[in-house]
Amino acid sequence: MMKKKKFNISLINTYRSYIFLLIVLIFGAFSDNFFTMFNIKSLLSSTSLYTFIGIGFTVCMIAGHMDLSVGYMATAGALVVLGMHTLTGLPWAVSILIAVAVGAVVGILNGLLVTKAKIHSFIATLGMQYVIRGGMYIYCEGKEISVKGDYGLTDKLSSVPIKFLPFNVLFIITLICVIGFSIMLAYTRFGRNIYMLGGNLETAWLAGINSDRATIIVFMLSSMSCALGGALFGIFQGTATPTLGEKGIAPLMIAMTATIIGGTDIAGGKGKVLDTFISITAIVAMFSVVTSLLGKFEYQILLIGFVLALCVFYETLLKYIKQKEIGMRPNLIIKYHEETGK
Amino acid sequence: MWFLESQDLKIEKILKEDTKMKMKKVLALILCAALTFGITACGGSKAPASTEEPAAESEAPAADKEEPAESDAGQEAGGDNLQASKDKLAAAIESEMTTDNKQLMADPIIKEIPEAPADPDSLPDDDKDKYFSMEYLDFAKEDQSPNLPESPADGCIGKKVTVIVHGDHAWTNAYMKGWTQAAEALGMEVEILSPNWDQAMQDQLIDQAINSKPDAIVVIPLSAENATQQFRRITEAGIPAFGSNTLTQSDALAYMEAWTGPDDWAQMRILADTLGEELGGKGGVCYITHNVGTSPYFARTYGPITEFKEKYPDIKTLDIQSPGFEAAKCKQQVADWITKYGDELNAIFLADDSDQVTGTIDAIKEAGRDDIVVVAAGNSKAGQDAVKAGDVRIINYQSAEGDGGLSARTVAAWFNGEDIPLVGYLTTDMITADNVDSFYPTQW
Amino acid sequence: MTKVNENTTAAKSDSRKTEINKALVFFDKAGVWILVVCLMAIGFIINPSDYFSVGNIRSILQAISLTGMCCAGLAYIVYSSNMNDMSLPMTIAISGMVSIQLVPFGIVVCIFGGLLTGTLVGIINGFMIGKLRANPIIWTLAFNMVLSGIARVAWGGSQIYPDVVAGGNEAALATAETFNQLARTYFFGGSVSLMMVVMVVMFIISYFIMTHTKFGNQLKIVGTNYETARLSGLNVVRIITLSYIICSFCASVCGLFYASMRKIGSYDNGMGYDFSCLTAVLLGGMTLLGGKGSMVGVFGGVLAVGMLNNVMTLIGISTFNQYLVTGIVFLLIVWLNTKSARKLGRA
């Protein structure tokens, strides 16, 4: 009996992002036209930008770092890709590559600041935010950049390749990236090393991981993912503006919230990209459901705040209970466990 | 063993606390459940309302569908609705008033468009023609998309309209109030959605609006460049689209039934003319801009600059800065300018008349420079109060409620099958200390 | 041979050490004040006649006073190694909105109501982080969102004006006027404003609390090593809760002046203050690891940010480039701070 109860609670915590999504979907049933092909397709494709940023943020957080520059990096990616295509006249493929390369450079800079200059990642990326923002404004002179009527690739990204499935090309690319990162984290040596870095940096170093190099690569991957996401978003929209997400909820905040709801540990060493993706889907779906049920934006931010606060509160409580065990003698802990069934 | 006993006691304590914790857990779960139920309740209370709406709405299309079947009776019913709608529109234009006692749905102004310049991009920054494509929505009605829906011409009463604004702001609230008031007077149903300044969210809302198939969609686009794509999507879904407030690229008009909104450029030119006269045709002007890259940024910065260049070439542009909308930052900016330029600085041109005005006036007063002339765009309460107190010389009247009203009027006229202008501008006025009293109480 | 080699390497390493020490010790001591002096020199070169005028100095101090008030409180959070208080913006906004809403009940109620609201936020934060040990960043982020939602729902996303809230009541209108004048009160013929005085007083009090009280010393221990502090019998819960309460109190003071300066209460008051205040505090030599830095340094950091903006405008750098310059200067100073602390064996 006891065992079963414990099982349930841990299950809720592990799969909380799925449960969150489920609750949102149940409410979706109350609103008209939620479960239509068109709506689902539009919802899924609008998760794309947040997912790419979320991937970057999650990977960094697993390695025990915070990358605050992700939001501006995505904006910069969108600006660079459209600038390269429209202003410089390069083909799409090359422009996307350049945007991702810009991301890589910023990521390496972040990594160097964190590993070589030994600045806390929170501070280094905070400073990098200003630098990216300034560079971005200088590049586009404060103007929006658009594709100027060249909607070829835009239409291709929003087309649906498989009938009866509400997936457009943009979402399929996003999904491939999510699966790719999940496999990388779970099944490759480098992926496991990232968990080790976040779990305990010193142990990782003693175990023979080149921790500096791995950290730099992590930051690089994070920024590249964001730049790619921004670039695809820019093409999908047909426009890039330097002020994306300066008012309202910034993309960074959504990515951060989703990462935490997805169960990634802020101290590092724990987390899944897939869970982040699921929570982003849930958040985006929640926005849509709330808008159609309650109609006003005010409730969106209130509810997302409540969900996040609940998650944090719950996690904190669990930790607090665990803390109570610390300081007891091992033989007694066994006794305590026998008694409580924990 | 004493320590074991104490440990046992500890364990008991912990066990007790553990049950307490469990209680807390249960409490948290109950809270969670309460929250979800609360939402359900809210949703539930809204849901019937929203089911009623389609019911009410479905009557009108039903009348539509009957038309071809029993042609005479149907047409008569449609005709009745049309006549009633036309009467209602004519009456509402006369009767409806804004908070500040102006006509809510005043006649739109139609602007003449001069010849387009040959190569605007090569011109210098302060040349008027460089901004031609932004200033004039130069688009011929014949070039519009063939997919554009035709007016049903069966009256606006009972039609359902979705309005997608750009974000939460006091201005937006006034705009929404204007729209709702006008829609009520015209017998239309209106649903207003706000993406809170988020581009991705606005796209999603447009999809959502298309999905729920209203009779018309009105959008205040967040970005001028992206608007084309947004209106294209709505038009391709077979729903009539209307633009409002924010200037778009002119090719977006291909996918719009009509665009209405303030004529920022013309207003700024009048404002600049008045300021030029005030300064006696010479002096130094500093500019605080709107959000960088948006259409008001160009209109409210380069509108006056190009106007001065043409009419008052002796007026110099000293500096252009974008400290944003924070009073403290604008204050520092202006104080720095006063230090830097001293007596050269004669006037300050502001893109916003609430926080920017508050900060600027504070800085000027602190420095004791009463000779600096301040003009601002927009008419909020803060701006109007400042004009009344004599701190700001001129602001321009740009009715937020009237903006919504004009948009509603255009949509209604389209449903009534009337001929509507492709681009209709809002009426405007200059507010000075002489006439400021007639503009109270303010809209926001 | 080998001996000689060893000797030379030893000597080399020794000489290297002392060489580094001198510059870094200087930097470690002076910190951000070097930047302040540099900026002063640049400002003087650009505009020798007006730079040290009363007007310019007053405008710099006036511009930093709002950020300064917040930083005086935020420093406690950073010092106790809790990284950042992300709920600062909404603390500022809500305390301003509540106090404006209370304008009809007189100026005393209105000010105390605002301060109380802010302090309440601090108490909740303190309970969650001090007592339950929630992650400071995430909890304050979540709480900020909740507060923002509450403020938006409660006031329907609109702005509130003191004189509109007061309605037609004469006494209430007078209160509204007093409230608006809070940020516009000057002493000594307009050269010193109430905001500056409040900021400086807050910094001085904070300095004394940090250096001359039991609480300050305990805070240092908690910031340096939480477990050590707990095991050595300090009441860590009380200390951390108190530091959050102080932080939120300072933020609510800032919120009052912010609302008074804008003459508007709105949910977007104080937007962006979470990171801009942290920037100033970090520039001032505090580190996210906690227990390092001083109030003098934080004041220097706040001053440096204000002077940097001032000098950049005087030079004529556009807003676009200002972001870039700010970012690079920030990274450089933080890097030097970290490096000097590390080489001197303090990190």
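Nothing here was measured: the structure is a model prediction, and the numbers come from that model.

Rules used throughout
By convention here, each chain's residues receive numbers from 1 onward along its written sequence. For naming, the first written chain is A and the first written ligand is 1, with later ones following in the order written. Under the rules for a predicted model, residues below a pLDDT of 70 receive no local features and side-chain atom pairs below 80 are neither given nor counted, while totals for whole chains, interfaces and linings still include all residues. To obtain the side-chain values, all non-hydrogen atoms of the structure were included, while hydrogens and water were left out. Here a helix means four or more residues in a row that DSSP labels H or I, a strand means two or more in a row labelled E, and each is numbered from the N terminus. Two residues qualify as a contact provided that any one of their heavy atoms is within 4.5 Å of a heavy atom in the partner residue. The Shrake-Rupley method, run with a 1.4 Å probe, gives the accessible areas here. Residue values count only the displayed protein chains as cover. Expected helix span is given by 1.5 Å per residue-to-residue step, counting one fewer step than there are residues. Two strands pair under a simple rule: DSSP has to find at least two bridges between them. Lines fitted to the C-alpha atoms define the axes, with helices restricted to the stretch that makes contact. Angles between their N-to-C directions range from 0 to 180 degrees. Computed with a 1.4 Å rolling probe, the buried area is the accessible surface lost when two parts are put together, summed over both parts. Take a side-chain nitrogen of Lys or Arg and a carboxyl oxygen of Asp or Glu: if they are within 4 Å of each other, that pair is a salt bridge. Counted as a polar contact is a pair of N or O atoms within 3.5 Å, where, for protein atoms, one must be capable of donating a hydrogen and the other of accepting one, and residues adjacent in sequence contribute only when both atoms are in side chains. Under the scheme applied, nonpolar residues are Ala, Val, Leu, Ile, Met, Phe, Trp, Tyr, Cys and Pro; charged residues are Asp, Glu, Lys and Arg; polar residues are all the others, including Gly. Each patch is built from residues that are more than 30% exposed by relative accessible area and take part in no salt bridge. Like charges join if they lie within 9 Å; nonpolar side chains (Val, Leu, Ile, Met, Phe, Trp, Tyr) join within 5 Å. Within 6.5 Å between ring centres, the rings of Phe, Tyr and Trp (the latter by its six-membered ring) count as paired, and their orientation is classed by plane angle as stacked under 30 degrees, edge-to-face over 60, tilted in between. Partly exposed describes any residue whose relative accessible area lies between the buried limit of under 20% and the exposed limit of over 50%, with all areas from a 1.4 Å probe on protein chains only and scaled to the type maximum.

Caption draft 1: Looking closely at the overall build of chain B. A count of helical and extended segments in chain B gives 12 helices and 12 strands. Long-range pairs, those at least 24 residues apart, make up 76% of the contacts in chain B with a sequence separation of at least 6. Put simply, chain B shows about 17,500 Å² of open surface, and 53% of that area lies on carbon and sulfur atoms.

Caption draft 2: Seen up close, helix H12 (residues 211–237) of chain A. Along its 27 residues, H12 of chain A runs 39 Å from first to last C-alpha, staying within 8% of the 39 Å computed at 1.5 Å per residue. At the C-terminal side of H12 of chain A, Gly238 of chain A shows a positive phi close to 80 degrees.

Caption draft 3: Structural detail: the sheet that holds strand S7 (residues 315–321) of chain B. Residue and element names in this part refer to chain B. What the six strands build is an open sheet, ordered S7-S6-S8-S9-S10-S12; its pairing is mixed. Edge positions in the sheet fall to S7 and strand S12 (429–431), since each has one partner strand and no second. Put simply, the sheet's adjacent strands are angled 25 degrees from each other on average, direction ignored. With two bridges connecting them, strand S9 (residues 373–376) and strand S10 (residues 394–397) associate as parallel partners. Directly across from Ala376, in S10, lies its bridge partner Ile395. Taken strand by strand, helix H10 (residues 355–367) contacts strand S6 (283–288), strand S8 (345–350) and S9, and its axis lies near 165 degrees from that of S8.

Caption draft 4: Focus on the interface of chain C and chain B. Listed as interface residues are 37 residues of chain C and, on the opposing side, 27 residues of chain B. Across the interface of chain C and chain B, roughly 2,700 Å² is buried in total on both sides, 47% from carbon and sulfur atoms. Between Asp355 of chain B and Arg262 of chain C there is a salt bridge, with its nearest N and O atoms 2.3 Å apart. There are 15 residue pairs in polar contact (both at pLDDT 80 or more) connecting chain C and chain B. Put simply, the parts of the chain that give the side of chain C that touches chain B at least two residues each are helix H3 (54–79), helix H7 (162–166), helix H12 (236–262), helix H14 (295–315) and helix H15 (319–343) of chain C. Here the side of chain C that touches chain B is built from residues that sort into 15 nonpolar, 16 polar and six charged.

Caption draft 5: A look at a nonpolar patch on the surface. Residue and element names in this part refer to chain A. Taken together, the side chains of Leu11, Ile12, Tyr15, Tyr18, Ile19, Ile23 and Leu274 make up a nonpolar region of the molecular surface, amounting to roughly 540 Å² of accessible area. The element that contributes the greatest number of residues to the nonpolar patch is helix H2 (residues 16–28), accounting for three residues. Tracing the sequence through the fold places Tyr15 in the loop between helix H1 (2–14) and H2.

Caption draft 6: How the structure looks around the packing of aromatic side chains. According to the stated counting rule, one finds 29 aromatic pairs over all chains in the structure shown. Measuring from centroid to centroid gives 5.0 Å for Tyr297 of chain B and Phe298 of chain B, while their planes differ by 80 degrees, and the two rings are edge-to-face. Of the residues examined, Phe298 of chain B reaches a relative accessible area of 6% and is grouped as buried. Aromatic pair Tyr258 of chain C and Tyr273 of chain C: ring centres 5.8 Å apart, planes at 70 degrees, arrangement edge-to-face. Of the two residues, Tyr258 of chain C is situated in helix H12 and Tyr273 of chain C in helix H13 (residues 273–283); the sequence distance between them amounts to 15 residues. Judged on exposure class, the residue Tyr258 of chain C and its partner Tyr273 of chain C are both buried.

Caption draft 7: Layout of unusual backbone geometry. Residues and elements named next belong to chain B. Looking along the chain, the bond that leaves Tyr440 and enters Pro441 is cis, with omega of -10 degrees. Here Pro441 shows up in the segment after S12. Phi angles above zero are rare outside glycine, and Asn101 is one such case at about 65 degrees.

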